[in-house]
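Residue-level structural notes
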4 protein chains.
Amino acid sequence: MSNYANTKDELDSLKERLPKWLEASKSLSTGGKVASYIPELSKAPQQALGIHIIDASGDSVSAGDCGLSFTMQSISKVFTLLLALMDNGEKAVFDKVGMEPTGDSFNSMLKLELVQPGIPFNPLINAGAIVISSLIAGSGPDEKAERTLQFFRSLSGNERLQFDLAVYQSESETADLNRSMAYFLKDNGVLEGNVHDVLDVYFRHCSVQAQCADLARMALVLAYDGTDPITGVNLVPRRYVQIAKTFMVTCGMYNASGEFAIEVGLPAKSGVSGGILTLVPGRYGIGLIGPALNPKGNSISGVHLLETLSKELDWSLF
Amino acid sequence: MSNYANTKDELDSLKERLPKWLEASKSLSTGGKVASYIPELSKAPQQALGIHIIDASGDSVSAGDCGLSFTMQSISKVFTLLLALMDNGEKAVFDKVGMEPTGDSFNSMLKLELVQPGIPFNPLINAGAIVISSLIAGSGPDEKAERTLQFFRSLSGNERLQFDLAVYQSESETADLNRSMAYFLKDNGVLEGNVHDVLDVYFRHCSVQAQCADLARMALVLAYDGTDPITGVNLVPRRYVQIAKTFMVTCGMYNASGEFAIEVGLPAKSGVSGGILTLVPGRYGIGLIGPALNPKGNSISGVHLLETLSKELDWSLF
Amino acid sequence: MSNYANTKDELDSLKERLPKWLEASKSLSTGGKVASYIPELSKAPQQALGIHIIDASGDSVSAGDCGLSFTMQSISKVFTLLLALMDNGEKAVFDKVGMEPTGDSFNSMLKLELVQPGIPFNPLINAGAIVISSLIAGSGPDEKAERTLQFFRSLSGNERLQFDLAVYQSESETADLNRSMAYFLKDNGVLEGNVHDVLDVYFRHCSVQAQCADLARMALVLAYDGTDPITGVNLVPRRYVQIAKTFMVTCGMYNASGEFAIEVGLPAKSGVSGGILTLVPGRYGIGLIGPALNPKGNSISGVHLLETLSKELDWSLF
Amino acid sequence: MSNYANTKDELDSLKERLPKWLEASKSLSTGGKVASYIPELSKAPQQALGIHIIDASGDSVSAGDCGLSFTMQSISKVFTLLLALMDNGEKAVFDKVGMEPTGDSFNSMLKLELVQPGIPFNPLINAGAIVISSLIAGSGPDEKAERTLQFFRSLSGNERLQFDLAVYQSESETADLNRSMAYFLKDNGVLEGNVHDVLDVYFRHCSVQAQCADLARMALVLAYDGTDPITGVNLVPRRYVQIAKTFMVTCGMYNASGEFAIEVGLPAKSGVSGGILTLVPGRYGIGLIGPALNPKGNSISGVHLLETLSKELDWSLF
């Protein structure tokens, strides 16, 4: 894995090559579409593409539109899973969500009706992530959301991470399909508590605003098995990071995860804002933004850029 | 259709034969189950079976537990459809609900996701009936529910028909699957207005309390194409009654409608309370109650009794 | 039902009015498509429309392209069902096929996999009709097909009915989906015997060539409960005719049966050749051909013409 | 990855520990079921459990019933995929099969009907593997099967690998569901050629008889990116091995692949005979047999043994 013995040499080489690769991928963005089902998201710049790569010493390389802020959306689901595991343990979590990819769209409800016992197939599809939101400890939605935000801040080393209230509001107002899913899960006996409150936590963690460097730093903690290599602080037990990375391989890129595993071969999670968080185990954390999406909901230019990186530098796990 | 030239002779003959048939059917109730998903419904007497048959002159025959009061549940959907047709016309209604049986359970959401344009297949499954509730005219849920109740009163000739508030409350508290469906329909752009308000109207018309004689009288109006033959008052345009009767044949008995058409051959609508409303066109209105249900949700003894009647008296339309 | 006291007067009136109605419906055929999945069928004239209506005295009226010969295709399924019932009785038949409409396309396999015990939902969808073909008595496919043809000849009073070998050959060569279905049914334990032989019988009865007058005469037997009113010969027990007519209402027009019941209200069966067989109980047998199909597989101009007839003459059963 | 710096030390330690672990896992076999849908398979000993682990120097450790011969069944699909890739290249193969896990049973046909363009989701489910069989070069089924066998022999270094004709015969006689699938694929335009011939190749490669040591040696070639480390001969291009290993992670253990990735974390492929082929990249090839299956079709004791090994020795890729 990787053509370079150490990350320093590789990052040096990337400083020169990355901008060209980024330009080549950026041209694909005209073939994608910025998400519009959450109205606030549709304001994102279609042509933007930015990437930030950081290693354990804190050295980094970046290219493109890294100054762009965006909401984490589904990327947050990796970290709420970690928090729910830390709050509840493996058994309690996997009593309520499964471990299998679905082959269906991330917001499909088919398997909830067709496959008994009617629990979500995995924690990274919407139904699963809503159940995970219900498992975060706290006395009410405010405390749960606040704990989540603090956890994200500690992982990113960025104390200024905040909710984007306009996106939160916009998502909350247009989230009838998520509401439908939550009530279905409640009827199935999977979701406990007040549906409105659970969804409120869910909408809030999806609306955490970040930049590429924040995602890269969060990913770096995963690349180093739960310990921030820059501070040396252990933030997540290694086993939970292993679980999260495995889900990122099998289910992280919606129902294009199989193809991404073959073409890129790295644990990754995408969001409808066009963000992708990925990592090279033991080497790098990577954050990327490219708002134009392909038909399966992943950044069209972002996926292309990651394919280039993985193939040129031999990064695939497989 | 029918072995008797006139209804008077037939009713006379029934006075003797009906009690025996009813007893034979009643014994089947031990093999059924009283609905329990709405807690309040589970209090109904499992062994009960009652039937009331009325003709155009107001002559009637009844047998069994006709003094039992029960909520109309899905039976009400035939009449809210009529009201929605009278309020909106055919075109507006059938822009939002289809005309086809589904082959699925009455509360299935599969086809809403799988079959474009994502409108309910027909107005008698839950999804369709919720849309129909949204189409009833009125300035708010109270007025819509009140208009519905008044319509039911005029059809039954019983001004004392009322909502059963305990059942309404019980259904409202346990209706997460209906909530899920309503939000899905809203997301699909089929349901307009406030979901809570629409469901409130829906739960209320399901909770109208009636007895067999009330259902029989409402059915009699359908048997006479919209005109109450006892008062001579036209209550519903004939075309809308034709539409309703056709749906009762193709979709009235949940996903056992096909079998009921073959074994009984009459327009009918059942409810989870165990009620069945059916009719012999141009002859009778019939109301029946038998709370023990078969696996598809129809009164187990009630269906058997109607099979006996139809076969002995040659009542099938076909 | 019907605006006319006797069929003679009605037929007289139709002689004048029918040609105009037919012309109006015929213009719709440009919006439909001739079936092409069986290559031989694609040769049919897109603009053609013909209808033949016959009463119990043998009086008839016809209009349009009644000289056109076409294959019965799915229309044959009504009569193989009758033959299988006569050969095996109700119980043996309904152990292997259900009585419910599906809401799915006629060649869908979804419910065979999703709904236990994996028997076809009804005898008029392809899966069901294949099972019915396997139940026709006879020592081998030749004898079974021959018995079927003789039965069709007796019902139509036309001893010259024959298989259209070119269509049979064409269908047999392109029937991979039907083969898939048959093997699935065999795996489910529903279909017995050799798949190739069963399908051979199926393809042959679908390929029986007829004209509108033949269909009308076959329908007339159903309109008179199994007795040919012209010869007085009883050909099918009344109960089996009742079963067949009920299926024609609930499932006869593919997954547009519900709409046809509401807009026309008569028992009917369509075929992909563009034929429709329908009847007015106690009055008429009707045969129709119009090869241009609507998206659900029914003759686009034919359905329109039947709507006109039913509405103008008040023919609906409901 | 792995607690040991070199494989020699790890294998030495395993000689002592493996038999105990195997005994502990073996006791689970009473809770599983030997596959019976292919009658010949049902003769396998339910209690058996054997494992063979080999490293690049040819050193190996084995335990349990390694003398048992069994058919490769679905394990063969990894290698027919490799052969099809070598025969046709990536593009031609992935025009006809996708790259995504399905979440459905390995023999489900739902997505072939529901998801356009109706190609199998991946090459390791039955539908996909049948398409792959059709892509193996050769002038007819005999040559295709022979080429496949020769390829398996070269990978295993065992020139005596043979088809088990009794299993082949048994499978061929009971494979109606696979026939159904093949005809569906032909109708969808995905499968070319004669269905009987394609399935003949498929049944034959499923019936190749092997022992644990054979699987281990084949897996070793994958663990070393296509080059047999013992002979130094390159047998498969590295990119194709990468593709195969990725599919083994996302789809190799039927619809329990997600859970296996989380609990074991190694590329693996199971078969209904109870065999599992897995590997530790750059270290070991592993072959395992345990005929008693869990409800998802994987060796119940075998999966448990691999979990123990992975957790005790820290083998997960993630």
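Owing to the predicted nature of the structure, the values given are computational and were not obtained by experimental measurement. (Residues numbered from 1 in each chain as written. Chains lettered and ligands numbered in written order. Predicted model: local features only at pLDDT ≥ 70, side-chain atom pairs only at ≥ 80, totals over all residues. Heavy atoms only, no water.)

So, about the sheet that holds strand β7 (residues 268-270) of chain A. Residues and elements named next belong to chain A. Reading across from one edge, β3-β2-β9-β8-β7 is the order of the five strands in this open sheet, with antiparallel pairing throughout. The open sheet has two edge strands with one neighbour each: β3 (60-64) and β7. The sheet shows a mean angle of 10 degrees between the axes of neighbouring strands, direction not considered. (Pairing = 2+ DSSP bridges. Helix = DSSP H or I, 4+ residues; strand = E, 2+ residues; numbered from the N terminus. Axes fitted to C-alpha atoms, helices over the stretch in contact; angles between N-to-C directions.)

With an RMSD of 0.0 Å, chain B superimposes on chain A once it is rotated by 180 degrees and translated 0.0 Å along the axis. One copy is carried onto the other by what is essentially a two-fold rotation axis. If distances are taken from each C-alpha of chain B to the rotation axis, the shortest is found for Ser180(B), at 2.0 Å. (Least-squares fit on C-alpha atoms with pLDDT ≥ 70 in both.)

Relative to the elements of secondary structure, Lys111(A) occurs in helix α3 (residues 110-114). One polar contact links the side chain of Lys111(A) to the main-chain carbonyl oxygen of Thr102(D), over a distance of 3.5 Å. Apart from residues lying up to four places away in sequence, Lys111(A) is in contact with Thr102(A), Asp104(A), Phe121(A), Thr102(D), Gly103(D), Asp104(D) and Lys111(D). (Polar contact = N/O pair within 3.5 Å; in protein donor to acceptor, adjacent residues only side chain to side chain. Contact = heavy atoms within 4.5 Å.)

All names here are of chain A. Relative to β3, strand β2 (residues 50-55) is paired through five bridges, and the arrangement is antiparallel. Across the sheet, Ile54 pairs through a bridge with Ser60, a residue of β3. Counting the residues in the hairpin turn of β2 and β3 gives four residues, including Gly58, whose phi is positive at 95 degrees.

The next point concerns the packing of aromatic side chains. Applying the stated criterion to the full structure yields 22 aromatic pairs over all chains. Between Phe94(C) and Phe247(C), the ring centres sit 6.0 Å apart and the planes meet at 35 degrees, which makes this aromatic pair tilted. Of this pair, Phe94(C) sits in helix α2 (residues 76-94) while Phe247(C) is found in helix α10 (residues 238-251), placing the two residues 153 residues apart along the sequence. Assigned by exposure class, Phe94(C) and Phe247(C) land together as buried. Lys269(A) extends its terminal NZ or CZ atom over the ring of Tyr254(A), reaching a point 4.4 Å from the ring centre. (Phe/Tyr/Trp six-rings, centres within 6.5 Å; stacked < 30°, edge-to-face > 60°. Buried < 20%, exposed > 50% of the residue type's maximum accessible area, 1.4 Å probe, protein only. Lys NZ or Arg CZ within 6 Å of the ring centre and 35° of its normal.)

On to helix α9 (residues 212-223) of chain D, then. All names here are of chain D. Under the 1.5 Å per step criterion, the end-to-end length of α9 is 16 Å for twelve residues, consistent within 8% with the ideal 16 Å. For α9, a buried count of eleven out of twelve residues is recorded, marking the element as mostly surrounded by other parts of the structure. Restricting attention to buried positions, one finds in α9 the residues Cys212, Asp214, Leu215, Ala216, Arg217, Met218, Ala219, Leu220, Val221, Leu222 and Ala223. (Expected span 1.5 Å × (residues − 1).)

Moving on: the pattern of salt bridges. Considering all chains together, one arrives at 84 salt bridges over all chains under this definition. Where Asp200(B) meets Arg204(B), a salt bridge forms, and the shortest distance between an N and an O atom there is 2.8 Å. Of this pair, Asp200(B) and Arg204(B) are both found in helix α8 (residues 195-206), four residues apart, which corresponds to roughly one turn of the helix. Accessibility assignment for this pair places Asp200(B) and Arg204(B) in one class, buried. A salt bridge links Asp65(C) to Lys26(C), with the nearest nitrogen and oxygen atoms 3.5 Å apart. A residue pair is termed long-range when its members are at least 10 positions apart, and Asp65(C) in the loop between β3 (60-64) and β4 (70-71) and Lys26(C) in helix α1 (residues 7-26) qualify at 39 residues. Asp65(C) gets classed as partly exposed once you look at its relative accessible area, which sits at 29%. Owing to a relative accessible area of 22%, Lys26(C) belongs among the partly exposed residues under this scheme. By sharing partners, the salt bridges in this structure join Glu90(A), Arg239(A), Glu263(D) and Lys311(D) into a single network. (Salt bridge = Lys/Arg side-chain N within 4 Å of Asp/Glu carboxyl O.)

All names here are of chain A. According to UniProt, the "binding site: substrate" (unreviewed entry) feature falls on Ser74, Asn126, Glu171, Asn178, Tyr202, Tyr254 and Val272. Relative to the helices and strands, Glu171 is located in helix α6 (residues 165-173). Taking relative accessible area as the criterion, Glu171 reaches 4% and is therefore assigned buried. The contact partners of Glu171, leaving out residues within four places of it in the chain, are Ile38, Gln73, Tyr202, Phe203 and Cys206. Residue position: Tyr202 is located in helix α8 (residues 195-206). (UniProt positions renumbered as here; feature names shortened; annotations may be inferred.)

Its rotation angle being 180 degrees, the transformation that places chain A on chain D also includes 0.0 Å of axial translation and leaves an RMSD of 0.0 Å. In this assembly the copies share their binding face: 100% of the residues contributing to the interface of chain A also contribute to that of chain D.

All names here are of chain B. Across the sheet, which stays open at both edges, the five strands sit in the order β3-β2-β9-β8-β7 with antiparallel pairing between neighbours. In this open sheet, the two strands that pair with only one neighbour each are β3 (60-64) and β7 (268-270). Across the sheet, the mean angle from the axis of one strand to that of its neighbour is 10 degrees, orientation sign disregarded. Examined bridge by bridge, strand β2 (residues 50-55) and strand β9 (residues 284-289) share six bridges and lie antiparallel to one another. Counted as the bridge partner of Asp55 is Tyr284 from β9. Sitting on the sheet, helix α9 (residues 212-223) touches β2, β8 (275-280) and β9, and the angle it makes with β9 is about 150 degrees.

Time to look at the environment of Ser299(A). Residue and element names in this part refer to chain A. Inspection of the secondary structure assignment puts Ser299 in the loop between β10 (292-293) and α12 (300-313). Owing to a relative accessible area of 1%, Ser299 belongs among the buried residues under this scheme. Distance from Ser299 to Gly32, taken between C-alpha atoms, is 7.8 Å for residues 267 residues apart in sequence. When neighbours within four sequence positions are excluded, Ser299 is seen to be in contact with Gly274, Ile276, Leu288, Gly290, Ala292 and Leu293. Of the polar contacts made by the side chain of Ser299, one reaches the backbone nitrogen of Gly302; its length is 3.0 Å.

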